[in-house]
Amino acid sequence: MGRSAIKSESALRALVQKAAAAAETAADAAPARKRGNAGNASRVAASAAGEIRIIGGQWRRTKLAVLTRPDLRPTPDRVRETLFNWLGQDLAGWRCLDAFAGTGALGLEAASRNATQVRMVESDVQLAAQIKQLAQKLGATQVEVSRGDALAALQAYQAHWDLVFLDPPFSGQLFVPALKAAHAAVTAQGYIYLEAPEAWSEEALAALGLVCHRYLKAGAVHAHLLKKAEAQQG
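Only a predicted model underlies this, so the values are computations on that prediction, with no experimental measurement involved.

1. Overview of the overall build of the protein
In terms of regular secondary structure, the protein is built from nine helices and nine strands. Buried positions account for 47% of the 234 residues belonging to the protein. Partitioning the intrachain contacts of the protein with sequence separation of at least 6 by distance along the chain shows that 65% fall at a separation of at least 24. Within the structure as shown, the protein displays about 11600 Å² of accessible surface, and the carbon and sulfur contribution to it stands at 51%.

So, in structure tokens, the structure goes:
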């Protein structure tokens with residue numbers, strides 16, 4: 001690991017530790033009547049240092065320091081390992097879009113496995129900046145990171161992506177619009193990876209022109225590998 005990479009990760013860890021310490025100090029100094037509303041303090045404290053690990057490919061076993069959020073769920077190691085067993089270990093020539101990038105675990109995993117193009121979109125400014133830093137640390141030159149709206153990113157290209165990752169907030173209402181947009185965004189033989197709080201039925205997927213190619217439940221995560229219905233029939 002180069003000196004600049006070590007310095008970057010050290011700086012990230014120092015930043016989150018400093019933020020957490022500041023939040024704790026603010027909470028201690030606040031009047032008792034305000035501590036029930038520790039909005040800023042709790043939000044900053046929630047940004048504690050976490051860690052993700054690349055499972056396979058050229059950066060296999062590399063650990064990366066990441067920020068956390070209350071609603072942020074990095075795809076578990078077991079799920080990522082199974083997903084890329086389904087897809088194959090070498091994604092050379094593949095174009096991938098990680099529409100709800102979060103920590104960047106899925107997109108960076110694809111890049112580690114030689115994907116030709118990996119676009120990662122994240123609405124949170126700090127998380128988007130962090131993914132850029134991680135991609136630079138790894139030397140992942142095929143990775144493009146942008147802060148923006150996932151649905152807009154999906155709608156920007158038609159029949160372009162070989163693989164689209166969809167891991168929207170479980171508490172939101174983005175699943176149906178994201179799946180509709182992803183159906184149009186992937187190539188005829190492309191794949192859509194969907195992570196959800198429950199299993200999607202054949203009927204619900206059929207209404208969107210999709211079929212489930214592979215499925216895995218791991219804890220609270222329901223992982224689906226989807227294809228276009230016409231591609232599966234062909």
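2. Some words on the pairing of strand β9 (residues 221-228)
If a strand is regular, its side chains alternate between the two faces of the sheet. In terms of burial, β9 is a largely internal element, eight of the eight residues being buried. Taking every second residue as pointing to the same face, both faces of β9 are buried, with Val221, Ala223, Leu225 and Lys227 on one and His222, His224, Leu226 and Lys228 on the other. Pairing analysis gives six bridges linking strand β7 (residues 186-196) to β9, with the strands arranged antiparallel. Note on β9: the bridge partner recorded for Tyr191 is Lys227.

3. Details of the nonpolar core
Leu87 and Phe165 are the most contacted members of the largest nonpolar core, which has 37 residues in total. The element that contributes the greatest number of residues to this core is helix α4 (residues 105-112), accounting for five residues. If we ignore the near neighbours within four places in the chain, the residues touching Leu87 are Trp94, Leu163, Tyr191 and Leu225.

4. Describing the packing of helix α3 (residues 77-87) against α4
The geometry of α3 relative to α4 is characterised by a closest axis approach of 11 Å and an angle of 45° between their N-to-C directions. The angle between α3 and α4 places the two elements in the oblique class. Crossing of α3 over α4 shows right-handed handedness. Residues Arg80, Leu83 and Phe84 of α3 touch α4, and the partners they reach there are Ala105, Leu106, Glu109 and Ala110. Here the residues of the contact of α3 with α4 are counted per class, giving five nonpolar, no polar and two charged.

5. Structural notes on the sheet that holds β9
Pairing is mixed across the open sheet formed by seven strands, whose spatial order is β5-β4-β3-β6-β7-β9-β8. If you trace the sheet from one side to the other, it starts and ends with β5 (143-147) and β8 (210-218), each paired once. When the angles between neighbouring strand axes are averaged without regard to direction, this sheet yields 15°. By the bridge criterion, five bridges tie strand β4 (residues 117-122) to β5 in an arrangement that is parallel. By the bridge assignment for β5, Val118 is matched with Val143. On top of the sheet, α4 reaches β3 (95-98), β4, β5, β6 (161-166) and β7; it is set at about 170° to β4, its chief contact. Docked against the sheet, helix α7 (residues 175-185) engages β6, β7, β8 and β9, running at close to 160° with respect to β7.

6. Thoughts on the packing of aromatic side chains
Following the criterion strictly, the structure yields six aromatic pairs and no others. On the numbers, 6.1 Å between centres and 0° between planes, the contact of Trp94 with Tyr191 is stacked. Placement of the pair is Trp94 in the loop between α3 and β3 and Tyr191 in strand β7, with a sequence separation of 97 residues. The class for Trp94 is buried, based on a relative accessible area of 18%. By the ring-pair criterion, three or more aromatic residues cluster together here, those being Phe84, Phe165 and Tyr193.

Cut-offs and rules
- The residue count restarts for each chain, going from 1 along the sequence in the order it is written.
- Per-residue local features are limited, in this predicted model, to residues with pLDDT of at least 70; the limit for side-chain atom pairs, both in listing and counting, is 80 or more; totals at the level of whole chains, interfaces and linings are taken over all residues.
- Processing note: side-chain calculations cover all non-hydrogen atoms of the structure and skip hydrogens and water entirely.
- Labels follow the DSSP assignment, with helices taken as runs of H or I lasting at least four residues and strands as runs of E lasting at least two, numbered in each case from the N terminus.
- When accessible area is computed with a 1.4 Å probe and restricted to protein chains, residues below 20% of their type maximum are described as buried, those above 50% as exposed, and intermediate ones as partly exposed.
- What makes two residues a contact is simply this: any of their non-hydrogen atoms within 4.5 Å.
- To be clear on the numbers: accessible area is Shrake-Rupley with a 1.4 Å probe, and residue cover counts the displayed protein chains and nothing else.
- By definition, two strands form a pair when at least two bridges between them are found by DSSP.
- Among buried residues, those of type Ala, Val, Leu, Ile, Met, Phe, Trp, Tyr and Cys that are joined through side-chain atoms within 4.5 Å constitute a nonpolar core.
- Throughout, an axis means a line fitted to C-alpha atoms (over the contacting stretch in the case of helices), and angles, computed between N-to-C directions, take values from 0 to 180 degrees.
- The scheme is simple: roughly parallel for angles under 35 degrees, roughly antiparallel for over 145, roughly perpendicular for 65 to 115, oblique for anything else.
- Each crossing gets its hand from how the near helix is turned against the far one by less than a right angle, where anticlockwise is left-handed and clockwise is right-handed.
- Amino acids are sorted into nonpolar (Ala, Val, Leu, Ile, Met, Phe, Trp, Tyr, Cys and Pro), charged (Asp, Glu, Lys and Arg) and polar (every other residue, Gly among them).
- By convention, a stacked pair of Phe, Tyr or Trp rings (six-membered ring in the case of Trp) has centres within 6.5 Å and planes under 30 degrees apart, an edge-to-face pair has planes over 60 apart, and any other such pair is tilted.

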